[in-house]
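# Structural overview
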Amino acid sequence: MYQRFIGSPIQRRNFLKTSLAAGLTLAPAWAGYEGDDEQKPFRLGVVGAGRRGRYLLELALREGVEAPALCDIRRANLEIALDIVEKARGRRPEGYSNGPEDYRRMLQRDDLDAVLIGTDMQLHAPIAVAAMRAGKHVLSEVSGAMTIEECWDLVRSARETGMVYMLAENCCYWREPMMVRRMVESGVFGRPTYAECGYVHDCRHLEFEPDGSLTWRGRLARDWPGNNYPTHSFGPVAQWLGINRGDRMVSLMAASTGSLAHEAYVAEHCPEQSPARRAKFKGHDSVTALIRTANDVLIDLRYDTSSSRPTEGPYHALQGVKAAYDSRLGNKIWIEGCSKGSRWDPIDKYQEEFEHPLWTSWREKTKGVQHGGGDFFVTQQFIEAVRSGGPSPIDAIDSAAWSAILPLTAQSLSEGGRAVDCPDFTKVFA
Ligand SMILES: NC(=O)c1ccc[n+]([C@@H]2O[C@H](COP(=O)([O-])OP(=O)(O)OC[C@H]3O[C@@H](n4cnc5c(N)ncnc54)[C@H](O)[C@@H]3O)[C@@H](O)[C@H]2O)c1
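Residues numbered from 1 in each chain as written. Predicted model: local features only at pLDDT ≥ 70, side-chain atom pairs only at ≥ 80, totals over all residues. Heavy atoms only, no water.

Under the definition given, this model contains 35 salt bridges. Between Arg204 and Asp202 there is a salt bridge, with its nearest N and O atoms 2.8 Å apart. Residue Arg204 shares its accessibility class with Asp202, and that shared class is buried. Note that Glu355 is salt-bridged to Arg363, the shortest N-O span being 2.6 Å. Taking the relative accessible area as the measure of exposure, Arg363 reaches 32% and is therefore partly exposed. (Salt bridge = Lys/Arg side-chain N within 4 Å of Asp/Glu carboxyl O. Buried < 20%, exposed > 50% of the residue type's maximum accessible area, 1.4 Å probe, protein only.)

Structure below.
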């Protein structure tokens, strides 16, 4: 069942209460099922068993999921994943590796409830749409889509099929952003007015194979000029602001640097005769977008995967009428009437009152899990959403709105930084 609560503040509050109640569960991942259904296996297929696909598969196996079928065009990656499942379950799944469309054959199986998509980013949306149309729930790696048309395809497919679609945005489950989310919902910040977020992470070494041929990240840098990786930074902020749940993105304007750092890397690290030397890269070293929302919030969103600097990863900051938070200061918060003078406090000062119930319940399970424990929650929350019949915590409308930043920044840049309109994907309900 596909549900969504948008509109009046009362509806929004009810939605938040529902979400919170869902998060408060102390039961295992199968919480939504009782009686006979408790025995029902959760059967997951994987399309794209590379680094991410295999890692999320391993976490899902730990949560009791079965994996009857896996697909990857690279036989070597597929074999590693088949080994993982065989070791965990004593049975070797069926492998699909007969070309880039072979996942369609796997989707015809009637012993799969859901599909995890861990392919190159460029393929996420078409595979997700095909999976939902084939009656499979979807957990998709980020970003969800590359074009506005693909964004609409996602939301229409989720709506028309009723399948659970979840974007595997692990930064939304980091502990501190989740505390901030509770504080916002409790009114600690007053009305939010301004947010800053960004993904600043030198990924140039991931764009090239040793012979200088391009990985999917390299092809992304070659083919796309905008913010190519928006959801780690924008996702938590969108949740704080209630984007698509009371507020919405209205317009976006982008500006960029050149690509000097990227060019320097290619010249220094890629062999003279390699494809990388001949490629024309459209990507920029740094792209900043300013997004305005219907509730008059301004969001400053930076993307930089090429500049030489220590890795920062995603950062998130929020300004409200009564409080401010900034992860770059070491997760510090300042609350009017509460903090002393102009001294920032560690957010942990408020842990007792505002720790998110998901973290209170599941902290042990996050130990040693990559991406600040976020990967555990992504897996567990997807399983729970499917088992309980939804709603998805990060659904197709969220995925479309957040992923649309990629084509919207490209469009704005190509039009000299002009403010472009953001589509309202909640209109899929109209
Ligand atoms: N959430 C996170 O923190 C995070 C981190 C890194 C990457 N990612 C996302 O995860 C995705 C995968 O990244 P990765 O680092 O695992 O890449 P990867 O290259 O290790 O894995 C991608 C896999 O997809 C396979 N593949 C490509 N086309 C296919 C097709 N048509 N059918 C079946 N398999 C196909 C490749 O052979 C490869 O094994 C990317 O889209 C990326 O954006 C997310």
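With that out of the way, let us pick up the packing of helix H6 (residues 148–161) against helix H15 (residues 396–403). Put simply, H6 and H15 touch, their axes get as near as 9 Å, and they point 175° apart. Compared by their axis directions, H6 and H15 come out roughly antiparallel. For the pair formed by H6 and H15, the contact residues are Cys151, Leu154, Val155 and Ala158 on the first element and Ala396, Ile397, Ser399, Ala400 and Ser403 on the second. Classifying every residue of the contact of H6 with H15 by side-chain character gives 7 nonpolar, 2 polar and no charged. (Axes fitted to C-alpha atoms, helices over the stretch in contact; angles between N-to-C directions. Helix = DSSP H or I, 4+ residues; strand = E, 2+ residues; numbered from the N terminus. Parallel < 35°, antiparallel > 145°, perpendicular 65-115°, else oblique. Contact = heavy atoms within 4.5 Å. Nonpolar A, V, L, I, M, F, W, Y, C, P; charged D, E, K, R; others polar.)

By the alternation rule, side chains of strand S13 (residues 332–335) split into Ile333 and Ile335, which are all buried, and Lys332 and Trp334, of which none is buried. The pairing of strand S12 (residues 323–326) with S13 spans 4 bridges and is antiparallel. In the sheet register, Ala324 faces S13, and the bridge partner there is Trp334. Between S12 and S13, which pair antiparallel and follow one another directly, the connecting turn spans 5 residues, one of which, Gly330, has a positive phi of 95°. Sheet topology note: the S13/strand S14 (residues 345–346) ladder contains 2 bridges and is antiparallel. Note that in S14 the partner of Lys332 across the bridge is Pro346. (Pairing = 2+ DSSP bridges.)

So, on to unusual backbone geometry. For the bond running from Val142 to Ser143, omega is -15°, close enough to zero to count as cis. Structurally, Ser143 can be placed in the loop between strand S5 (137–140) and H6. Between Gly390 and the following residue, Pro391, the backbone shows a cis peptide bond with an omega angle of 0°. Even without glycine at this site, Asn244 takes up a positive phi of about 75°. Located in the positive-phi region is Asn331, a residue other than glycine, with phi close to 55°. Relative to the assigned elements, Asn331 resides in the loop between S12 and S13.

Let's shift gears to the domain arrangement of the chain. Under the domain assignment used here, the chain contains domain 1 (9–170) and domain 2 (172–356 + 396–429). The distance between the C-alpha centroids of domain 1 and domain 2 comes to 25 Å. Tallying the contact residues gives 27 residues for domain 1 and 34 residues for domain 2. Taking both sides of the interface into account, the surface hidden between domain 1 and domain 2 amounts to around 2,800 Å²; carbon and sulfur atoms contribute 66%. Taken together, domain 1 and domain 2 are joined by 1 salt bridge. Across the pair Asp120 and Arg219 runs a salt bridge, and its minimum N-O distance is 3.0 Å. Counting across the domain 1 and domain 2 interface gives 10 residue pairs in polar contact (both at pLDDT 80 or more). Every element with two or more residues in the side of domain 1 that touches domain 2 is listed here: helix H1 (9–23), H6 and strand S6 (165–167). A class-by-class count of the residues in the side of domain 1 that touches domain 2 yields 16 nonpolar, 5 polar and 6 charged. (Domains from an automatic or database assignment. Buried area = accessible area lost by both parts, 1.4 Å probe. Polar contact = N/O pair within 3.5 Å; in protein donor to acceptor, adjacent residues only side chain to side chain.)

This part takes up the sheet that holds strand S1 (residues 43–47). Pairing within the open sheet is parallel, and its 6 strands lie in the order S3-S2-S1-S4-S5-S6. The open sheet has two free edges, formed respectively by strand S3 (94–96) and S6, since each of these has just one partner strand. Across the sheet, the axes of successive neighbouring strands diverge by a mean angle of 20°, strand direction being ignored. Two strands pair when backbone bridges link them, and strand S4 (residues 114–117) and S5 are joined in this way by 4 bridges, in the parallel orientation. Each bridged residue has a counterpart across the sheet, and for Val115 the counterpart in S5 is Val138. Packing of helix H3 (residues 75–89) onto the sheet brings it into contact with strand S2 (66–71) and S3, and relative to S2 it is tilted by some 170°.

In terms of residue burial, helix H9 (residues 231–241) counts as a mostly covered element, since 11 of its 11 residues are buried. Buried within H9 we find Thr231, His232, Ser233, Phe234, Gly235, Pro236, Val237, Ala238, Gln239, Trp240 and Leu241.

Bringing the site of the ligand into the picture now. Near the ligand, the surroundings consist of 25 residues, among which Arg52, Asp72, Asn77, His124 and Val142 are the closest. Within the side chain of Asn77, one N or O atom sits 2.7 Å away from an oxygen atom of the ligand. His232 places a polar side-chain atom, nitrogen or oxygen, 3.4 Å from an oxygen atom of the ligand. About the coverage of the ligand: the protein hides 94% of its 840 Å² of free accessible area. Among the residues forming the shell around the ligand, the class breakdown is 9 nonpolar, 9 polar and 7 charged. Two domains each put at least three residues into the shell around the ligand: domain 1 (9–170) and domain 2 (172–356 + 396–429). (Near = heavy atom within 4 Å. Areas by Shrake-Rupley, 256 points an atom, 1.4 Å probe, with all protein chains shown as cover.)

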